[in-house]
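Each chain, letter by letter, is given below.
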Amino acid sequence: PHEKYHRMESFINKAMEKVYSRQRIVSELKQRGWRTDIIEMVLEGVHEANRNVHKLKHYIKRSRSRGYRDRHIRDNLLHVGWKKEQVDEAFKEIQ
């Protein structure tokens, strides 16, 4: 699945170079069959596990504000390689 995320990231980068709005990028990706929650992961830069806990917490907050449940957010993050400890700590810090 990570290869797919990289292709989406490449599409997003090219769209941003063309000054597409975030809304247009999301719309075009949804038309291509991508789920909104996965699009948001790539847009937020958390589709690959890294050490940027600030981005991780920002993604969690935004996902919650969009109505996603913590379990769904957690599962997505673990699926792309974030360590359980990192995810648990981020959730604990923003509670």
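Coordinates for the structure precede this section.
Here is a short report on the structure shown in this document. (Residues numbered from 1 in each chain as written. Predicted model: local features only at pLDDT ≥ 70, side-chain atom pairs only at ≥ 80, totals over all residues. Heavy atoms only, no water.)

Bringing the pattern of salt bridges into the picture now. All chains considered together, the criterion is met by 12 salt bridges. With a closest N to O distance of 2.7 Å, arginine 35 and aspartate 37 form a salt bridge. A relative accessible area of 45% means that arginine 35 is categorised as partly exposed. Residue aspartate 70 is joined to arginine 64 by a salt bridge in which the shortest nitrogen-to-oxygen separation is 2.8 Å. On the accessibility criterion, aspartate 70 (28% relative accessible area) is partly exposed. Exposure remark for arginine 64: the relative accessible area of 26% places this residue in the partly exposed category. (Salt bridge = Lys/Arg side-chain N within 4 Å of Asp/Glu carboxyl O. Buried < 20%, exposed > 50% of the residue type's maximum accessible area, 1.4 Å probe, protein only.)

Right, let's talk about the packing of helix H1 (residues 2-17) against helix H2 (residues 22-31) for a bit. Remark: H1 packs on H2, axes separated minimally by 10 Å, with the N-to-C direction vectors making an angle of 140 degrees. Of the two possible hands of crossing, H1 and H2 adopt the one that is right-handed. Each of Met8, Phe11, Ile12, Ala15 and Met16 in H1 lies in contact with H2, whose residues at this interface are Ile25, Glu28 and Leu29. When grouped by side-chain class, the residues that make up the contact of H1 with H2 number 7 nonpolar, no polar and 1 charged. (Axes fitted to C-alpha atoms, helices over the stretch in contact; angles between N-to-C directions. Helix = DSSP H or I, 4+ residues; strand = E, 2+ residues; numbered from the N terminus. Left-handed = near helix turned anticlockwise from the far one by under 90°. Contact = heavy atoms within 4.5 Å. Nonpolar A, V, L, I, M, F, W, Y, C, P; charged D, E, K, R; others polar.)

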